[in-house]
Amino acid sequence: MENGSSAMIRAQGLSKYYGPFVAIEEISFEIPQGQIVAFLGPNGAGKTTTMKILSGFLAPSQGHASIGGLDVQSQRIEASRKLGYLPENGPLYQDMTPIDLLEFFGEARGLEPEELDDRIDAVIDQCGLDLVLEKPIGKLSRGYRQRVGLAQALLHDPEVLIMDEPTAGLDPNQIRDFRQNLQKLGQTKTILISTHILQEVDAVADRVLLIHNGRLVYDGTPVELKEDGSIEQPFYRLTDHGRPPQPEPEKAEEVSKPQPEASQAEAESQGGGE
Ligand code: ADP
């Protein structure tokens, strides 16, 4: 491998700052070939930011990311050949039909016409798109739009797939279909998928990365994460039950004000016991 690591997805000390705001900080992990990894965390935790950096769409403030050993910033084109990225809200280009979109992206990716025809047939089949090929993407159901997004991500048969909340807004049947597709894909590809559906983690993931306030707070198997057979409880605990992050330094004083009350209450309770 070009960077000496056998990881297919590698995040090395990734941080992203927007002015003084820390979106993610010091995120590091390595995903070996063939693993399906669930990326969990509350809204705003930093999942999309991390995935965009790993996909080369966003430059990190600090750190490095690589796909298949190729740096996503300095070897962007080569790295993108190994990567299929499904963004949060599926494909743009709402007026295009799925077939036009696939041809457009195939040409943009430099696939030769014959190879492109074969690959388009393959992803239409894989994603069950044959009934909607001529319908504008904007008129398709959310489930079908996700399938078009997946077809686009799979078009060049990449070794690595990064998918940002691909099951958001899908109904239970669509989620089941997607999950089955994911399990098939997982037999040959390395996959990082963000989701809020914790049951999905059990069904498909070999490993969990949990991010909270821009920092990685868990990296391990779903089995090790579970408490009493459930992922919900450790998720709530590790994410502070959804409480907002620590206050900014200038607000710290306001927060420290209740302390005298607490000690007064303590004194009262002690007094009450006498
Ligand atoms: P998640 O995908 O886990 O919901 P995001 O990665 O989208 O989280 O966002 C992480 C944090 O970074 C959020 O607080 C979000 O508001 C902030 N953020 C994302 N993009 C920008 C931006 N362009 N400018 C400022 N803040 C941003």
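Above: the structure in question.
What comes next is a walk through the structure. Each chain carries its own residue numbering, running from 1 in the written order of its sequence. In view of the model being predicted, local features appear only for residues whose pLDDT reaches at least 70, and side-chain atom pairs are presented and counted only at 80 or more, with totals across whole chains, interfaces and linings using the full set of residues.

A fitted line through C-alpha atoms represents every axis, and for helices the fit uses only the stretch in contact; the resulting angles, taken between N-to-C directions, go from 0 to 180 degrees. By the criteria applied, helices consist of DSSP H or I runs no shorter than four residues and strands consist of E runs no shorter than two, each listed in order from the N terminus. Between helix α4 (residues 113-127) and helix α5 (residues 142-154), the shortest axis-to-axis distance is 9 Å and the interhelical angle comes to 140°. For the pair α4 and α5, the sense of crossing is right-handed. Mapping the contact onto sequence places V123, I124, Q126 and C127 in α4 and R147, L150, A151 and L154 in α5. Each residue is assigned to one class: nonpolar for Ala, Val, Leu, Ile, Met, Phe, Trp, Tyr, Cys and Pro, charged for Asp, Glu, Lys and Arg, and polar for all the others, Gly among them. Looking at the contact of α4 with α5 residue by residue, the classes come out as six nonpolar, one polar and one charged. Whether a crossing is left-handed or right-handed is set by the direction in which the near helix is turned from the far one by less than a right angle, anticlockwise for left-handed and clockwise for right-handed. Throughout, a pair of residues is in contact if the C-beta atoms placed from their backbones lie within 7 Å.

Turning our eyes to something else, we now look at α5. Here α5 is 13 residues long and its end C-alpha atoms lie 18 Å apart, about the 18 Å a rise of 1.5 Å per residue gives. Here the C-beta atoms are placed from the backbone, and a residue counts as buried if at least 20 other C-beta atoms lie within 10 Å of its own, exposed if 12 or fewer do, and partly exposed otherwise. By the criterion of burial, α5 is predominantly enclosed, with 11 of the 13 residues buried. Y144, R145, Q146, R147, V148, G149, L150, A151, Q152, A153 and L154 are the residues of α5 that are buried. On its buried face, α5 is in contact with β6 (83-86), α3 (98-108), α4, β7 (160-164) and α6 (172-185). Given a helix with a known number of residues, its expected span is that number minus one, times 1.5 Å.

Below, the discussion takes up the pairing of strand β8 (residues 190-194). Burial analysis of β8 places five of its five residues in the buried class, the great majority of the element. One bridge is not enough; two strands pair if DSSP finds at least two bridges between them. Sheet topology note: the strand β3 (residues 36-40)/β8 ladder contains four bridges and is parallel. Paired with I36 across the two strands is I191, which belongs to β8. For β7 and β8, the ladder comprises five bridges, and the chain directions are parallel. By the bridge assignment, M163 is partnered in β8 with I193. Crossover handedness is defined here as right-handed if the route from the first strand over the helix to the second strand goes clockwise, with the strands pointing away from the viewer. Running through α6, the crossover from β7 to the neighbouring parallel element β8 is right-handed.

These figures capture arrangement, not role.
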